[in-house]
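# A look at the structure
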Amino acid sequence: MSDCLFCKIVAGEIPSTKVYEDETVYAFRDIAPQAPTHVLVIPKVHIKDASEITAENAALVAHCLEVAAMIAKQENLTGGFRIVSNCGADAGQTVNHLHFHVLGGKTLSTEMA
Ligand code: AMP
């Protein structure tokens, strides 16, 4: 999508700090980290949010999670980590391209909502 921030990051039109990339998934450091490790894992194709997960793209979504787990190992998050995907306005989603936050490196808040 031409007006999507994360599509522009995937295309290299907006700079990012890459953590991982393969044919279908891109991962980069969040610009406003909320934990010592705060990485965003995204599918390269535009999927708006978790409400658009279907049987057709489920393997790609699972691959995003596989990459998230790999990054947690790479970042040495041995004490644990959190994977978050905000979906829609009530959840505070600000970028309308499916993304998984990978957060760790400190004791995280126990609040979920
Ligand atoms: P969400 O609020 O769940 O939609 O998450 C969007 C995330 O994207 C926020 O944590 C932002 O800090 C992050 N973000 C916004 N713009 C950029 C950017 N140019 N590079 C890296 N992260 C960004």
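Everything discussed here concerns the structure shown above.
In this report, the structure presented in the accompanying data block is examined. (Residues numbered from 1 in each chain as written. Predicted model: local features only at pLDDT ≥ 70, side-chain atom pairs only at ≥ 80, totals over all residues. Heavy atoms only, no water.)

### Here's the deal with the site of the ligand
This is how the line gets drawn: Only a single heavy atom is needed: when it lies within 4 Å of a molecule or strand, its residue is near that molecule or strand. For the purposes of these results, a polar contact is taken to be a pair of N or O atoms within 3.5 Å, where, inside protein, one atom must be able to donate a hydrogen and its partner to accept one; residues adjacent in sequence count only when each atom of the pair is a side-chain atom. Any residue with an atom within 4 Å of a point lines the site, the site being either a cavity, points on a 1 Å grid over the protein atoms alone where a 1.4 Å probe fits but cannot get out, or a pocket, an open set with protein on both sides within 12 Å along at least 5 of 7 lines. The rule for placing a molecule in a cavity or pocket is simple: more than half of its atoms must lie within 2 Å of the grid points. Per the convention used, a helix needs a DSSP run of H or I reaching at least four residues, while a strand needs a run of E reaching at least two, with both numbered from the N terminus. Each residue gets one of three labels, nonpolar for Ala, Val, Leu, Ile, Met, Phe, Trp, Tyr, Cys and Pro, charged for Asp, Glu, Lys and Arg, and polar for the others, Gly among them.
Of all residues adjacent to the ligand, which total 16 residues, the nearest are Asp-30, Asn-86, Thr-94, His-99 and His-101. A distance of 2.5 Å separates an oxygen atom of the ligand from a polar side-chain atom of Asp-30. One of the side-chain nitrogen or oxygen atoms of His-101 is found 2.8 Å away from an oxygen atom of the ligand. When atoms are counted within 2 Å of each cavity's grid points, the one that captures over half of the ligand is the largest pocket. Elements represented by at least two residues in the shell around the ligand include exactly helix H1 (5-10) and strand E2 (25-29). In terms of residues, the shell around the ligand owes the most to one element, H1, which gives three residues. For the shell around the ligand, a count of residues per class yields eight nonpolar, six polar and two charged.

### Points about the side chain of Asp-30
In plain terms, the rule: Residues count as neighbours in contact if any of their non-hydrogen atoms are within 4.5 Å of one another.
Mapping Asp-30 onto the fold places it in the loop between E2 and strand E3 (37-43). A polar side-chain atom of Asp-30 sits 2.8 Å from the main-chain amide nitrogen of Ala-32. Not counting the four nearest positions on each side in its chain, Asp-30 is found in contact with His-38, Val-39, Leu-40 and His-101.

### Topic: the pattern of salt bridges
Put simply, the rule is: Any Lys or Arg side-chain nitrogen found within 4 Å of a carboxyl oxygen on Asp or Glu counts as a salt bridge. Buried means the residue's accessible area, taken with a 1.4 Å probe over protein chains only, is under 20% of the maximum for its type, while exposed means over 50%, and partly exposed covers the values in between.
Per the stated rule, a full pass over the model turns up four salt bridges. Its salt-bridge partner being Glu-21, residue Lys-18 comes within 2.8 Å of it at the nearest N-O pair. Take Glu-21: its relative accessible area is 36%, and that puts it in the partly exposed class. Taken together, the shared-partner salt bridges in this structure form one network comprising Lys-18, Glu-21 and Lys-44.

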